[in-house]
Amino acid sequence: MALPRDFLWGFATAAYQIEGAVDQHGRGPSIWDSFCKTPGKIADGSSGDVACDSYNRTAEDVALLASLGATAYRFSLSWTRIIPKGGRGDAVNQVGLDHYVRFVDDLLAAGITPFVTLSHWDIPDELHRRYGGLLDRTEFPLDFEHFARLVFRALPRVRHWLTFNEPWCSSVLGFSLGQFAPGRTSDRTKSPVGDGATEPWIVAHNLLVAHGRAVKVFRDEFQPANGGEIGIVLNGDAVFPWDPADAADVEACERKLEFSISWFADPIYLGDYPASMRDQLGDRLPTFTPAERALVHGSNDFYGMNHYTANYVKHRTGAADRGDVAGHVEILFDNKNGDSIGPETQSTWLRPCAPGFRDLLGWISRRYGFPKIYVTENGTSIKGENELRREQILDDDFRVGYYEDYVGAMALAVERDGVDVRGYFAWSLMDNFEWHEGYETRFGVCYVDYENGQRRYPKKSARRLKPLFDSLLTKG
Ligand code: PNW
């Protein structure tokens, strides 16, 4: 009996991962369309060209959500369906915009509350070519602001907006490790750990400023008449010291959280980057101009939290490498005693450890003044799932257990720790294009049969969430 009665729960997806139809009705290419064409970047050589074909199956997806009892759905807009070239001087594609207007109407008609992400990594390719996309401190935020204003105006019935998904991934995976579009490795040629690198911090800074610009437009021009709320979505893994008796490992845990979460959340809630980052990174970390700070500080109406896993964290000895994106720590799945943090999944970075969720909800809440939180993603892949027959895949007890444990940990955080969670989204509604892992990794609570018309089949986990939340929602 832990969660408030008006608590919203449902499932999440992202445009490039499910829509397909990449050339339909005038959509322009995003950096992910180009990235997928680069040989060797995607595990199975695939792309989002077809994916789950959700662009052409909106009625089916709404019916699926309704049948599972979801009260909310988080999805993202494809910027290049709406402005194929992306920029503020470029043409608007009305067909693309109308598609989302209808989709929002359909969701609302089915009693499902839309949570709309403006951009889930699929930056217009043309903007990347034109001025370096996320690397441009002036042009990118202005183009994003323009796109945001256009969709706020077109979708007045949407009450919950998310600006960017996981800017950490765009910055680190996209511009340091090169695993995500646009596949840049900053200055890694100079050193394998990226010493000399500057791009990840520039990209992060520009994403924060662009977020701030969109929020200002929303608050100045739309919120007064329409109401509603807006925030950014941040990912973050829980941490446990490799050796709890070693103060340096305990400190390393804090630093790891600062380098992944506070990098974005500190400027938004506290007005500047964490001191630990400034100390290590020096002037390669950009400085907020007063105008930028005014845009970013205080720019969240709620905290959008994506959470999947936990790590053991060990300090590193010796001088910090100034280009190290992790904050001079070692990230491990086993602790000093050889205990494992959790079982393996299909994702190398993901090991379930539900107590970490409660911990991290508490850490975020204490550091940022107990903000309203929406858990915008939580879920798991299963080791070897893709090798099984469909009937076996549908029996996903591992995923059922994951959701029971994680939702339970969240309920405890609300009940005992004063954490203010108002909504929860399981990742994902259905199996989909899992970025650089292609279709080999399945995160869906519904199985998608890619060989037979992208038909969706609910797995056991899909049907477990409604009774789980029903039992946690307070009556009366
Ligand atoms: C999130 N990592 O991404 C995304 O928001 C989703 O689009 C994605 O499908 C989901 O999690 C599952 O992976 C992440 O390597 C992808 O640490 C990779 C990492 C973290 C988050």
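Residues numbered from 1 in each chain as written. Predicted model: local features only at pLDDT ≥ 70, side-chain atom pairs only at ≥ 80, totals over all residues. Heavy atoms only, no water.

Below, the discussion takes up the sheet that holds strand 8 (residues 310–315). Taken together, three strands build an open sheet; the order of strands is 6-8-9 and the sheet is mixed. Edge positions in the sheet fall to strand 6 (238–241) and strand 9 (329–332), since each has one partner strand and no second. Going across the sheet, the axis of each strand differs from the next one's by a mean of 40°, ignoring polarity. Note: strand 6 against strand 8, four bridges, orientation parallel. Its bridge partner being in strand 8, P241 is matched across the sheet by V313. (Pairing = 2+ DSSP bridges. Helix = DSSP H or I, 4+ residues; strand = E, 2+ residues; numbered from the N terminus. Axes fitted to C-alpha atoms, helices over the stretch in contact; angles between N-to-C directions.)

Next up on the list: the sheet that holds strand 5 (residues 229–235). Pairing in this closed barrel of eight strands is parallel, and the strands run 1-2-3-4-5-7-10-11 around the ring. Shown here is a sheet whose adjacent strand axes are inclined to one another by a mean of 25°, direction ignored. In the sheet, strand 1 (residues 8–12) pairs with strand 11 (residues 420–427) via five bridges, with the strands oriented parallel. Paired with L8 across the two strands is G423, which belongs to strand 11. Each of strand 4 (160–165) and strand 5 is contacted by helix 8 (residues 167–175), which is oriented at about 40° to strand 5, the strand it contacts most. (Contact = heavy atoms within 4.5 Å.)

Let's shift gears to the site of the ligand. The local shell around the ligand holds 14 residues, among which Q17, H120, E377, E434 and W435 are the closest. Contacts to the ligand include Y308, whose side-chain N or O atom sits 3.1 Å from an oxygen atom. In this structure, E377 approaches the ligand through a side-chain N or O atom, which is 2.8 Å from an oxygen atom. Contact with the protein chains hides 93% of the accessible area of the ligand, taken as 450 Å² for the molecule alone. Partitioning the shell around the ligand into residue classes produces seven nonpolar, four polar and three charged. (Near = heavy atom within 4 Å. Polar contact = N/O pair within 3.5 Å; in protein donor to acceptor, adjacent residues only side chain to side chain. Areas by Shrake-Rupley, 256 points an atom, 1.4 Å probe, with all protein chains shown as cover. Nonpolar A, V, L, I, M, F, W, Y, C, P; charged D, E, K, R; others polar.)

Across the protein, pLDDT averages 96, with 97% of residues at or above 70. Prediction confidence for the complex, expressed as pTM and ipTM, is 0.98 and 0.94 respectively. (pLDDT = per-residue confidence, 0-100.)

Turning next to the packing of aromatic side chains. The geometry of two aromatic rings is summed up by the distance between their centres and the angle between their planes. By the definition in use, this model includes 46 aromatic pairs. A centroid spacing of 6.3 Å and a plane angle of 65° characterise the contact between F433 and W435, whose relative ring orientation is edge-to-face. Comparing F433 with W435, the two get one shared label, buried. Centre to centre, the rings of Y439 and Y450 are 4.8 Å apart; their planes meet at 65°, and the pair counts as edge-to-face. Taken together, the positions of Y439 in the loop between strand 11 and strand 12 (446–449) and Y450 in the loop between strand 12 and strand 13 (455–458) put the pair 11 residues apart, joining distant regions of the chain. Of the two residues, Y439 and Y450, neither departs from the other in class, the shared state being buried. Connected via pairs of aromatic rings, a cluster forms that spans Y16, W32, F35, W121, F180, F433, W435, Y439 and Y450. One residue, K314, lies across the ring of W242, its end atom 4.2 Å from the ring centre. One residue, R390, lies across the ring of Y457, its end atom 4.1 Å from the ring centre. (Phe/Tyr/Trp six-rings, centres within 6.5 Å; stacked < 30°, edge-to-face > 60°. Buried < 20%, exposed > 50% of the residue type's maximum accessible area, 1.4 Å probe, protein only. Lys NZ or Arg CZ within 6 Å of the ring centre and 35° of its normal.)

Contact geometry of helix 15 (residues 397–417) with helix 16 (residues 460–472) gives a least axis separation of 9 Å together with a crossing angle of 25°. When the axes of helix 15 and helix 16 are compared, the pair comes out roughly parallel. Where helix 15 crosses over helix 16, the handedness of that crossing is right-handed. Contacts between helix 15 and helix 16 involve D397, R399, V400, Y403, E404, V407, M410 and A411 on the former and, on the latter, K460, S461, R464, L465, L468, F469 and L472. In the contact of helix 15 with helix 16, the residues fall into nine nonpolar, one polar and five charged. (Parallel < 35°, antiparallel > 145°, perpendicular 65-115°, else oblique. Left-handed = near helix turned anticlockwise from the far one by under 90°.)

This part covers the pairing of strand 3 (residues 113–119). The buried count for strand 3 comes to six of seven residues, which makes it a mostly enclosed element. Taken together, the five bridges between strand 2 (residues 72–76) and strand 3 define a ladder with parallel strand orientation. Paired with R74 across the bridge in strand 3 is F115. Bridge analysis of strand 3 against strand 4 gives four bridges, and the strand direction is parallel. Looking at the pairing, S119 lines up with F164 of strand 4.

Should their charged atoms come close, side chains of opposite charge can pair. One pass over the full model with this rule turns up 38 salt bridges. With its nearest N and O atoms 2.9 Å apart, the salt bridge here joins R130 to D90. Highlighted residues: R130 in helix 6 (residues 125–131) and D90 in the loop between helix 4 (79–82) and helix 5 (94–109), separated in sequence by 40 residues. Take R130: its relative accessible area is 39%, and that puts it in the partly exposed class. (Salt bridge = Lys/Arg side-chain N within 4 Å of Asp/Glu carboxyl O.)

Along its 28 residues, helix 9 (residues 199–226) runs 37 Å from first to last C-alpha, staying within 8% of the 40 Å computed at 1.5 Å per residue. Roughly 45° is the biggest bend found in helix 9, and it falls at R219. Phi turns positive one or two residues past the end of helix 9, at G227, with a value near 70°. (Expected span 1.5 Å × (residues − 1). Bend = angle between axes of the 7 residues up to and from the residue.)

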